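Chains, contacts and geometry: an overview
Here is how the chains run, residue by residue.
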Amino acid sequence: MLKNIMVMFSYTFMTRALVVGLLVALCAALLGVCLVLKRYSMIGDGLSHVGFGSLSVAMALNLAPLAVSIPIVVLAAFWLLRLSEKGKIKGDAAIALISSSALAFGVIVTSLSGGMNADVHNYMFGSILAMSHGDVILSLALSIVVLVVFVFFYHDIFAVTFDEAFAQATGMKVRLYNTLIALLTAITVVVGMRMMGAMLMSSLIIFPALTAMRLFKSFKAVILCAAITSMLCLILGMLISFLFSIPAGASVVAVNLLVYLLFCLAEKIRTYL
């Protein structure tokens, strides 16, 4: 095992993918806890579909994919919040509406611009090899920004996540912090799509939070467990991907699922003891 890990790190593309992946996994886990507790966990899936649509347009026009998709996904996140706040369309329905429309638009653009090529496939299902040096630099910068902002506003995000009504009654700017969570989620989704793929990115947000909640109840314990679990699953998933030549995104999701089932088993055992 140790020898295989050393061989994996001898490749530059694997090293940079691991660094980016760990930061993205950490961001996704932290935000995932908030989104799951607020019953808004599927926003990651919706935004990843929007990201795919914007990436399809960018590639069809020969533009920088990340530079185009980041502002579009951020705007989509804001729009989702506005739709939910007005009450005309509930959160899950709004996500389904936007995600399916964006995915359909992306498929149409892809079909008209030459069909499903390697670049489009990489963005749909993820690819370590597709990450350029520029992608790595931008991804690292954005991931660090997300982490710094989350840590700085940790107590406010905690208050809004657990009791939004009480936080609003105390004078807290609830709408501002909900917007902040949506913004950070949008950035994390776009950054993670390059490696995880649009179809699998939401799992990186949902699985660690659900896994941690099997055994822990306090917000801080769930946050810590989700963060550690997410990063360990990413490392193991990338190792499996390297050894068996399968897509990294699918490997990471499979490992997250296995760990979730193990935590469920541990919860059952603890209940009977």
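Right, let's walk through the structure included here. (Residues numbered from 1 in each chain as written. Predicted model: local features only at pLDDT ≥ 70, side-chain atom pairs only at ≥ 80, totals over all residues. Heavy atoms only, no water.)

1. Quick look at a nonpolar patch on the surface
On the surface, a cluster of nonpolar side chains totalling about 380 Å² of accessible area is made up of Leu-258, Leu-262, Leu-265 and Ile-269. Tracing the backbone through its elements, the reader meets Leu-258 in helix α13 (residues 248–272). (Patch = residues over 30% accessible without salt bridge, like charges linked within 9 Å, V, L, I, M, F, W, Y side chains within 5 Å. Areas by Shrake-Rupley, 256 points an atom, 1.4 Å probe, with all protein chains shown as cover. Salt bridge = Lys/Arg side-chain N within 4 Å of Asp/Glu carboxyl O. Helix = DSSP H or I, 4+ residues; strand = E, 2+ residues; numbered from the N terminus.)

2. What about the side chain of Ser-69?
Checked against the element boundaries, Ser-69 lands in helix α4 (residues 65–86). With residues up to four places along the chain from it excluded, the contact list for Ser-69 reads Gly-51, Ser-54, Leu-55 and Val-190. (Contact = heavy atoms within 4.5 Å.)

3. With respect to unusual backbone geometry
Unusually for a residue other than glycine, Ser-245 sits at a positive phi of about 55 degrees. With respect to the helices, strands and loops of the structure, Ser-245 is situated in the loop between α12 (219–244) and α13.

4. With respect to helix α8 (residues 154–162)
Residue pairs spaced three or four apart in an α-helix point in one direction, given the helix's 3.6 residues per turn. For α8, the full list of buried residues reads Tyr-154, Ile-157, Val-160 and Thr-161. Burial along α8 is one-sided: seen end-on, the buried residues are contained in an arc of 130 degrees. In this structure, the buried side of α8 is in contact with α2 (12–37), α7 (133–152), α9 (164–169), α10 (174–196) and α12. (Buried < 20%, exposed > 50% of the residue type's maximum accessible area, 1.4 Å probe, protein only. Arc of directions from axis to C-beta.)

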